[in-house]
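Examining the three-dimensional arrangement
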Amino acid sequence: MEQQHVLVVPEGASGRHFLITNIIFECNDSLKVDRTPLSLTELLVSKTPCLEEVKSFTLANASPGRWEVSGYIEITAETDTLYCVIKSDEGEDIAFICLDVQGMRPESGHGQITETCNGNAQLTMSWKYLDISSIRKEVLSVVAAQYNHLGIERMQNFEQTSDFPDLTEGIAMLQNAVYLTPEGHPDLPTYLTNLGRSFTCRFEHTGELSDSAEAISAGQRAVDLTPEGHADLPRYLNTLGNSLTNRFEHTGEISDIVDAISAQQKAVDLTPEGHTGLPGYLANLGISFMRRFERTGELSDIADAISAQQKAMNLTPHDRADLPSRLNNLGSSFTRRFERTGEFSDIADAISAQKKAVELTPEGHADLPSRLHNLGYSFMRRFERTGEPSDISDAISAQQKALDLIPEGDTNRPAQLNNLAMSFSLRFQRTGELSDIADAISVQQKAVDLTPEDHADLPARLNNLGTSLRFRFQRTGELSDIADAILLQQKAVDLTPEDHAGLPGFLNNLGGSFYCRFECTGALSDLADAISVQQKGVDLTPEDHASLPAQLHNLGLSLNRRFQHTGYLSDCDVAISVLREAVYIIPEDHADLPDLLDNFGDSFRYRFKRTGELPDIVTAMVVHQKAVDITPHGHSYLPAKLINLAASFYDRFTSEFGNSEDLVKALSHYKAAAISISGPPKTRLDAAKCWARILTLHHPQSPEVVLSFQTALNLITLIAGLERTVRGRYAQLESISSLGLALEAAAVACALDRADKALEWLEQGRCLVWSQLNALRTPLDVLRSHDKKLADGIAYIAKQLETAGSSRVQIHASMPLSEKMSLEGEARAHLDLARQWDNLLRTARAIPGFESFLMPSSCSRLMQQLPESGPVIVINIHERRCDALVLLGGLEQPLHIPLPSFSIEKASEYRTILNSQLRTRNLRVREAERISSIDMEPSVRGIRSAPKGKRGEGPVHRVLRGLWEEVVKPILNTLGFLSVDQASENVLPRVWWCPTGPLSFLPLHAAGIYQGSNRESVFDYVVSSYTPTVTAITDRVKNRQSFDATASGLFLTSQPNAPGASPIPGTMKEVQAVFSRAKESGVRVHKLEGDAMTVGECLEHMQNFSSIHLACHASQNTAEPLQSRFLFHEGSLELGTILQSNLKNADLAFLSACQTSTGQEKLSDEAVHLAAGMLAAGYRRVVATMWSIGDKPAQEVATTQSKVFANGL
C-alpha cells in the first residue's frame, strides 16, 4: 500500500477546508492481553466503512505508549466521516475509530477521541486543526515560511539543551511548513530538507527506524525536486547522505552507505572552492568513508576519509563553531586506521585532535559526551598497544564522564557503555583487579540489553561481553562463565556477514573461548573447534592488518596444546612456524609482544621435551627471558611468564645437558613468581608448589623449604576468598584438595623435625570454609574496648558476608543468561563486602596488640588454650610419611610421634574395604529392619558372614586390627595410656582425635582386636571424641561462656515418616526413652513429634534449649554443603538456615541420623558434613554417625546416651 500525504481537493469544491495535523495516539496500557509490548505501526484512513480508497500513514513510537503520525489528513467540504484503523507490527487490527467530520469544530484548534482497543485498553487519538479554507496561496506561503523558521529555532534549542519537547515541536512545525507548501513551490525542497534533518535528529536520539525512513524520504524528495545546476542541490545531497549514513550505522545495510557516499561525493563535486558549505560536505563525506571502512576494512576508504576530513579542517577557520566536531571526527578516522595498520603516529594524531576537540567544547554542550567518549576510546586503543597504565586510566575517566553526561534512553548510551566496559576489561588484564572485570561484565550487559536485535553493532557487543566473561573464567574457573562466553560469541559470529571486517576478530575471540574451556575440561572437541575458527579468522585477515599477529598467536597457542595432548609433532612444528611469523610482524613496542614471546618460547620447550634437541631448549630459555624482561613490573601476567622461564631452566636441568646453575635459576624464578604482589593467586600458587617441591626434592634441608610452603598455604586463602559463595569456595578448594598441600607441607615439616610448623600448616590449610565462618563470628569484646566503631563495623560486615556467602544464589551453567546477568549485581556487592572486610582487618591489625587479629593461630597460642579433659591428637598422612602430633597441656610444642608402619596406601585400602562392606550390607540409609512387629527383634540385616582373612578375621575386623596396631596403639603407648589398669573403676582419660586425609573416613575410636585371645581396643584405655581442627577446640576453651540458665534443657523430636524417605518408626521409641529418663532426672525437657512440629518451631526450640536430639532422616549435600538438611514431616531444616540463627546457648546436638559425620572424598580435609556444620553453628558438642545406622541400633545408642543428658545438663 503506497504511503500518501496529500489529498487532492476536487475542482469546484468549496466550504470547509482544513488539515488535521499533529496526530497522536496514546494508550493507557501499552501491553497486549498476553502482557507483550503493544507495537502500533500503521494508520489506515478511508471515507467509507468498507475501507475503499484507503490512505496509509506511518506511526512512529515517540515514547512508551505514545505514537505519532507522519503526515496529515486533509478535510474538504464533501467529507462527512473518516474511518480509521490502527494496525500493529504483526498486521493485526488493534482499534477502529470513526471520526464525525461534520461535528468537528476546527475553530477550537484541537480535537480528541477515546476508544477501547483490543485487550480493553483505552486508546486516545488527539490532533490539531489547521484551517486553510480562507487562506490565499500567498498567505499560505508566508505561514509555511513562519512554520519553517519556528521549527528551525526549536531544533537549534534542542541541539544546545537536549530538551526533547523542543525536538517534538520542531518536527511538528516543519511538517506544517511542508504541508502548506504546494508541489512546484521553490521553497519546498528546503522545507523538506529541514524536515529530514529534524527526523534524523530524533532518530539519533531514539533509534526509531521509522524516523530514519522519514528523513531519507524527505531528503530524497528534496533532491528529486531540485534541478541540476541549482545552487542548493549540494546541500540537499549532503543532508540526504547524512540520513543514509545514520541508517547504515543502525542496520549495517551496505547499500545505504554506498548511496550515502555517492550523494555526498556529488555534493562535494558540485560545490565550488571557497564555498562556505564545502568544509562541512567534506567532513560528512569523510565520516561516511570511515563508516564504510569499518564495515569492509578497505584501506582506500579510510585513506579517503582522512583526506576529506583533513581538507575540511584546513578550510575551517579557527573560530568556527564547527571546528571541535571536525577535530573529533578526524581523530576517529585516525583511530580506525591505527586499528587496521598499527601505525603509532595515527593514534598519537587521533588523541591530539580529540583532546583539542574536547578542550574547545564548552561544558553543557550536547556534543561533549560523544567527544569525551571518542577521546577515551582512543586512549584505550593506545593502551592496548603500549600497556601504559595512565592511558587506560585516562580512557576510563573520559568514558565515565561521557556516560554521566548523557541521559537514560539516549541512543548513544549502548555504544558508550560498551566501550567503557572494554576499558574496564583491559585494565583487569593489566592489574588482575576483580572489581574491574565485574564492572566490565555489568556494564557490557547493559549495553547488550539496550541494543536492538536488528542493530548492526549487536554482534560486536555480544563478542565483547563474551570476551569479558572469558577473562573472568580464566581468573575464577567458574564454568558457567566460559559456557556463556561461547554462547554469546557464537551468536556474534552467526549474526555477522561473511564479508564484514569485524568477523576475523569475532572468530579469534570465539576460538580463544573454546581453547579456555578445553584447558578446564580437556574435551578435545573444544580444541578442534578452537583451531578451526582461529584458522578461519587468520584466513580472512589481510596480511597487512594490525590484528594479524594476535590471530596467529592464538592459533599457534591452540596448535601447541593439541600437540601436548596428541603428541603429533607436526602440530608443534606448525605452531612454531605460525608464532615465528607473528613475532616477526608485530611491532617491537607492542604491549602484546611479551605474551607472544612467552608462548613462542613454550613451543620450543614442548618440542625439546619430545625430541631432546638442545637448540630447542636454549631458544626457549632465551625467548622466555626476553618475555620476562619486557613485561612491566606489576603486570598481572608476569608470574605466569616467570613460571615458564623457570620451567625451561628446570627442563634443561633434568636433561642430560643440565647443570647446577640451571636449578638455581629455576628455583629463583619460581620463587619470584610465588611471592609476586600481582597476578592471579592460582598462578602464584602453582609457582609456590613448584618452588616447594623442587626444593624438597633437591635441597630438603634448605631454610627456604619452610618459606615456600608457607607462601603456598597463604595463597590458598586467597583462592577461596570471602567474595565467593560457600559453594564457590568449595569448588575452588576441590580443584586443589587432591594435591593435599597442607598435608604435604606438614609431612615435610615433620621430616625437618618442625612439629610446630606441621601443626600450624594443618590448621591453616584445612577446614578453610568453616574457619572463615568462625572468623566472621568471632567475639569482638577485646577489640571493642579499644575501638568500638571499628569493632561494630567489623561485626556488621561480617554478618553481611556470612549472609551473602550462604544465601546468594550461585550462578550455574544451566541457568538462563538473562537470569545470570541479573545476579551480577549481587556478585559485585559481595566482592565489595570482601574488600571492605580486608580493609577493616588491616585497620585492626595496625593497632598495637592486635597484629595477629583473626589470623591463623600460632603453635604457641594453640598450646596455651587446650582443653583440660585430655590431649588432642592430630594424625597427618601423606604419601611421604605418617605422623601423629599430640597436643598436651603444659608442653610448648606438640609431641611428635612418627607412625612408620602406616601409609596412605593402607588408609585407602582400609577405606575401600569398609565402603565395600557397607554397600554389601546395605548400610546406606537409616530405616526400619524387616520385622513383623515393632517389638520383635530385627531380621538378619547387615550381619551376613563375611570372608575370613588369614587370621580367621573378616574384612572389618582386619581393618580395625590394622588401625589399632599401626596407628592408635603406638600413640597410646607413647602417652602411657596402655598402662591403665582396666580393672580399676577410675574414669578413663579423654582424647580428641583430629585425623586428616583418608584417615578422616576411618573409625579410629573403634580400632582394636576383637577376636582371639589377645583382645584389646581403644575402648579399654580412653574415651574418644573427634574435632575437625585443633582451633575448633581451642576457640571453645578461649571463648568459654556461661549459658542462660533458662535455656538449659533438652529438646527432642522424632520424624518417623518424612515424605520421600523410608519409615523409621523406632525413632518414636528412641525419643520417648530419652524423654522419660531426662524427665525422671529433673532435666527441663520438651518433645514434638511428626506432624506436630514445623521447621520454624524446631528453630525456635533450638534457640530456647541448650541441647537437642534429632531422630530423623538426614540428607548430606556435598555439592552445596549449606543445603544439607534434616528431613521432617512438614519440610526440611537446612544447615544454612541453622547457621543464620542466633544459637547463643547451643551446647550439645545429638544427631540420630545417618552419615552425619561422613565427609566428601574430594574434600576430605574440609569436613563437609552436618556434624562440622553444627559445630560451626555454635554447638560445643555433637554426637553423629560416620555411616548409616539401623533403626534398632540407633535406639540402643540413644538410650545409652540419655544417661549423659541426664547427668550432664
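Here, the structure is the one placed above.
Below you will find a few notes about this structure.

Rules used throughout
Residues numbered from 1 in each chain as written. Predicted model: local features only at pLDDT ≥ 70, side-chain atom pairs only at ≥ 80, totals over all residues. Heavy atoms only, no water. Helix = DSSP H or I, 4+ residues; strand = E, 2+ residues; numbered from the N terminus. Buried < 20%, exposed > 50% of the residue type's maximum accessible area, 1.4 Å probe, protein only. Contact = heavy atoms within 4.5 Å. Areas by Shrake-Rupley, 256 points an atom, 1.4 Å probe, with all protein chains shown as cover. Salt bridge = Lys/Arg side-chain N within 4 Å of Asp/Glu carboxyl O. Polar contact = N/O pair within 3.5 Å; in protein donor to acceptor, adjacent residues only side chain to side chain.

This part is about the overall build of the protein. Along the backbone of the protein there are 43 helices and 24 strands. For the protein, the proportion of its 1209 residues judged to be buried stands at 54%. By sequence separation, contacts in the protein at least 24 residues apart represent 68% of the contacts at least 6 residues apart. As displayed, the protein has an accessible area near 51500 Å², and 51% of this comes from carbon and sulfur atoms.

By secondary structure assignment, the location of Asn464 is in helix 15 (residues 458–476). When residues no more than four places from it in sequence are discounted, the contact partners of Asn464 are Asn418, Met422 and Gln444.

This next bit is on the pattern of salt bridges. Within this structure, the stated rule accounts for 59 salt bridges. Arg693 serves as the salt-bridge partner of Glu744, at 2.8 Å between the closest nitrogen and oxygen. With Glu744 in helix 28 (residues 741–751) and Arg693 in helix 25 (residues 681–698), this residue pair connects regions lying 51 residues apart in the sequence. Residue class for Glu744 comes out buried when judged on its relative accessible area of 4%. What makes Arg693 partly exposed here is its relative accessible area of 28%. Linking Glu744 and Arg880 is a salt bridge whose minimum nitrogen-to-oxygen distance equals 3.9 Å. Of the two residues, Glu744 sits in helix 28 while Arg880 sits in the loop between strand 10 (872–877) and strand 11 (882–887), which places them 136 residues apart along the sequence. Overlapping salt bridges bring together Glu26, Arg66, Glu68, Arg202 and Asp211 as one network.

Checked against the element boundaries, Arg652 lands in helix 23 (residues 638–653). On the basis of relative accessible area, Arg652 is assigned to the buried category, the value being 18%. Residues within four places of Arg652 in sequence aside, it is in contact with Leu614, Ile617, Val618, Met621, Phe657, Gly658, Asn659 and Asp662.

This brings us to the environment of Leu862. Mapped onto the secondary structure, Leu862 falls in helix 35 (residues 859–864). Apart from the residues lying within four places of it in its own chain, the contact partners of Leu862 are Leu759, Glu763, Ser857, Val1030, Thr1031 and Thr1034.

Time to look at the environment of His553. Mapped onto the elements, His553 comes out in helix 19 (residues 548–566). Spatially, the C-alpha atoms of His553 and Leu597 are 9.4 Å apart, while their sequence positions differ by 44 residues. Engagement of the side chain of His553 in a polar contact is seen with the side chain of Asn599, the distance being 2.7 Å.

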